[in-house]
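Structural description and commentary
Take a look at the letters that make up each chain.
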Amino acid sequence: MTSAGRFAPSPSGELHVGNLRTAILAWLFARSEGRRFLMRVEDLDRARAGAEAEQLRDLAAIGVSWDGGVVRQTDREHLYAEAIAQLTAAGLTYECFCTRREIQEAPSAPHAPLGAYPGTCRNLTVAEREAKRAARPPAVRLRSTVAEVTVRDVLHGNYTGVVDDFVLRRNDGVTAYNLAVVVDDAAQGVDQVVRGDDLLPSTPRQAYLASLLNMPVPEYAHVPLVLNADGARLAKRDGAVTLADLALAGVTADQVRDTLLASVGLPPGRLEHALSAFDPAALPREPWVWPGMPEAHPGTGSRARTDSRGA
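Presented here is an overview of the structure given in this document. (Residues numbered from 1 in each chain as written. Predicted model: local features only at pLDDT ≥ 70, side-chain atom pairs only at ≥ 80, totals over all residues. Heavy atoms only, no water.)

As for the sheet that holds strand E4 (residues 93–96)
- Strand order in the open sheet made by the 3 strands is E4-E5-E8, with antiparallel pairing throughout. Unpaired on one side and paired on the other, E4 and strand E8 (167–169) mark the two borders of the sheet. Geometrically, the sheet is characterised by an average inter-axis angle of 45° between neighbouring strands, direction not taken into account.
- Examined bridge by bridge, strand E5 (residues 139–142) and E8 share 2 bridges and lie antiparallel to one another. Bridging from a neighbouring strand, Arg141 pairs with Val167 of E8. (Pairing = 2+ DSSP bridges. Helix = DSSP H or I, 4+ residues; strand = E, 2+ residues; numbered from the N terminus. Axes fitted to C-alpha atoms, helices over the stretch in contact; angles between N-to-C directions.)

Written out as structure tokens, the structure reads:
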């Protein structure tokens, strides 16, 4: 199986310009190094009717292409079940009956991040598990044998993060993100993961889980997020930040694409034309503030706008 990069949105709504910028960067990383580029819809949770079609339409509109068909996580539950069974057979899982509130209120280990699991259910007896199971369905947690793991990131260098007994399957039966993403990447031959740097803290957990499952650990590149004018993470509530809303204001998909390319120092035009100028080492390391309505770039054929209304 040839190497690949990917973009994996959750179909909870339309993509905003921050999501589109990350998709462009993931595409450029993969294509510049001769990788396939795959599209995976992470629809295990928070799926909204019609959102997948909207997202794929918007990605195509800015020039993001992908190889093969779209893969959906809801079609891959058997793979997740097999991975959990493998870990369970090795004695690396246990049932957990804690609520989120109980976890937040429980004392945690020194230096552990907020929400890190303190191990409350790790050593329950058979009788204790049976009693708790009668009142509440269990989640399945990993029985971690390490406290932290260091990963290598193209943009951040070495990053060390806490690895706790994280959830593999929620108590409602839904596979947890950390397990699904590891299994999916390995099954699809993804050896390069480019995504927002808000996901960097979860990466040591995923790398550790991959090693336990004898799956390869991909190359990671966590790119800076897009912020609003107030310095907060960009969200749909920040106004016209989706292609549909921007189109209503007279802004074309080409203009949005060119503005996103300019934000990482690349020339306007089709993404294929930016490949020759793309250099991961030259990428900004700081978040980018969305400037509002994009201006047309010379030579793109797009109508320039003269207003500067912000999102």
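Side note on empty space enclosed by the protein
- Following the criterion strictly, the structure yields 2 cavities of 30 Å³ or more and no others.
- Its boundaries defined by the atoms lining it, the largest cavity holds a volume of some 70 Å³.
- As for the largest cavity, its lining consists of Val181, Val182, Asp185, Ala186, Val193, Arg195, Gln206, Ala210, Pro216, Pro218 and Tyr220.
- Top contributing element to the lining of the largest cavity by residue count: helix H6 (residues 177–188), with 4 residues.
- Looking at the lining of the largest cavity, its residues break down into 8 nonpolar, 1 polar and 2 charged.
- Within this model, the second largest cavity holds a volume of roughly 30 Å³.
- Forming the boundary of the second largest cavity are Arg21, Leu25, Val223, Pro224, Val264, Leu283 and Pro284. (1 Å grid on protein atoms, 1.4 Å probe; cavity = no way out; pocket = protein on both sides within 12 Å on 5 of 7 lines; lining within 4 Å. Points joined across faces, edges and corners; volume = space filled by probe spheres on them. Nonpolar A, V, L, I, M, F, W, Y, C, P; charged D, E, K, R; others polar.)

Re unusual backbone geometry
- Here the phi dihedral of Asn214 falls at roughly 60°; this positive angle occurs in a residue that is not glycine.
- Along the chain, Asn214 falls in the loop between helix H7 (203–212) and strand E10 (219–223).

A closer look at the packing of aromatic side chains
- If you walk through the whole model with that rule in mind, you get 2 aromatic pairs.
- For the pair Phe29 and Phe278, a centre-to-centre distance of 5.2 Å together with 75° between the ring planes defines the contact as edge-to-face. A residue pair is termed long-range when its members are at least 10 positions apart, and Phe29 in helix H1 (residues 17–32) and Phe278 in the loop between helix H10 (271–274) and strand E12 (288–289) qualify at 249 residues.
- Overall, Phe278 belongs to the buried group, its relative accessible area being 9%.
- Relative to Trp290, the ring of Trp288 lies with its centre 6.0 Å away and its plane at 80°, an arrangement referred to as edge-to-face. Here Trp288 matches Trp290 in class, with each residue buried.
- Here Arg141 stacks its cationic end above the ring of Tyr117, 3.6 Å away from the centre of that ring. (Phe/Tyr/Trp six-rings, centres within 6.5 Å; stacked < 30°, edge-to-face > 60°. Buried < 20%, exposed > 50% of the residue type's maximum accessible area, 1.4 Å probe, protein only. Lys NZ or Arg CZ within 6 Å of the ring centre and 35° of its normal.)

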